[in-house]
Amino acid sequence: NYTIDVYLGQRQAERHFGKFALYIAFFPHLVAGPIVRSEHLLPQFSQRHYIDYDRITSGLRLMAWGFFKKVVIADRIAPIVNAVYNNPTNFSGTPLIVATYLFAIQIYCDFSGYSDIAIGAARVMGYDLTINFRQPYFARSVTEFWRRWHISLSTWFRDYVYKPLGGNRVAKWRWYFNLFVVFLVSGLWHGANWTFVIWGALHGAYVVLDVATSPMRSRLVQILRLEKVPILLNAIQIFVTAHLVIFAWVFFRANSVTDA
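Residues numbered from 1 in each chain as written. Predicted model: local features only at pLDDT ≥ 70, side-chain atom pairs only at ≥ 80, totals over all residues. Heavy atoms only, no water.

Draft legend 1. Structural view of the environment of Val81. Its place among the elements puts Val81 in helix 4 (residues 53-85). Judged by relative accessible area, Val81 falls into the buried class, the value being 0%. Sequence separation of Val81 and Ala260 is 179 residues, and the distance between their C-alpha atoms is 13 Å. For Val81, the contacting residues outside a window of four places in its chain are Ala99, Leu102, Phe103, Gln106 and Arg253. (Helix = DSSP H or I, 4+ residues; strand = E, 2+ residues; numbered from the N terminus. Buried < 20%, exposed > 50% of the residue type's maximum accessible area, 1.4 Å probe, protein only. Contact = heavy atoms within 4.5 Å.)

If you want it as structure tokens, here you go:
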């Protein structure tokens, strides 16, 4: 985003070579951490950072939690998921369903584990990185899911793809088109494979339908008087959203469209 912001004149170029090099090579986030905006991180390189026991222990705890999610959960689940998804024709319904549920857990613990390690490592050194996951499987809609999942990536696409396309300040059909395109591009960003394209298209369709049917669904809630039982309403919304996301994970994980 730094290059784009400078090109568009939205920020001044960093003239201090050391600070610029540190921003580019800041190791905590390089592998799979949150996407760090220059306006968030660069100013921190001009601040003094002191040894702080509470900050260091907090960062180390977050790193430990990230390693636990990555090594103990995600890496232990991976062989089971791989065994099924690498040979899908050898399995019937139940193992395929179980493997898909496990993959949903694996990919969350993998991605969020890396982010926790990155954020924790930066915190130990006195730097603040933005939170990247916020209990995404408890989202009550797919739109909300993307406010909770890989937040730094989804906000990047919002600011550098969605808004330049016109965002929601256009005709309704164009707004829906913009939403769909953003998720289609997001699929391509994950890999040049039709499985990722379909995964992105599914989420694009989910979000468009979420927005388009919102008044109708609100009316249905009133008719069924579900607003009087908020726990039940939340449970239904979370269950449906999670399973829409999990269904899309099939295409994300499958080795080919045929396998999916």
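Still more ground to cover, so stick around.
Draft legend 2. Inspection of unusual backbone geometry at higher detail. You will see that Gln135, though not glycine, has its phi angle at about 45°, which is positive. Tracing the sequence through the fold places Gln135 in the loop between helix 5 (93-124) and helix 6 (142-148). The exposure class assigned to Gln135 is exposed, which follows from its relative accessible area of 53%. One non-glycine residue, His150, lies in positive phi territory at about 40°. Among the residues examined, His150 registers a relative accessible area of 10% and is labelled buried.

Draft legend 3. Here's a closer look at the packing of aromatic side chains. All chains considered together, the criterion is met by 29 aromatic pairs. With 6.1 Å between their ring centres and 85° between their planes, Phe103 and Trp249 make a pair best called edge-to-face. Taken together, the positions of Phe103 in helix 5 and Trp249 in helix 11 (residues 230-253) put the pair 146 residues apart, joining distant regions of the chain. Each member of the pair Phe103 and Trp249 is classed as buried. (Phe/Tyr/Trp six-rings, centres within 6.5 Å; stacked < 30°, edge-to-face > 60°.)

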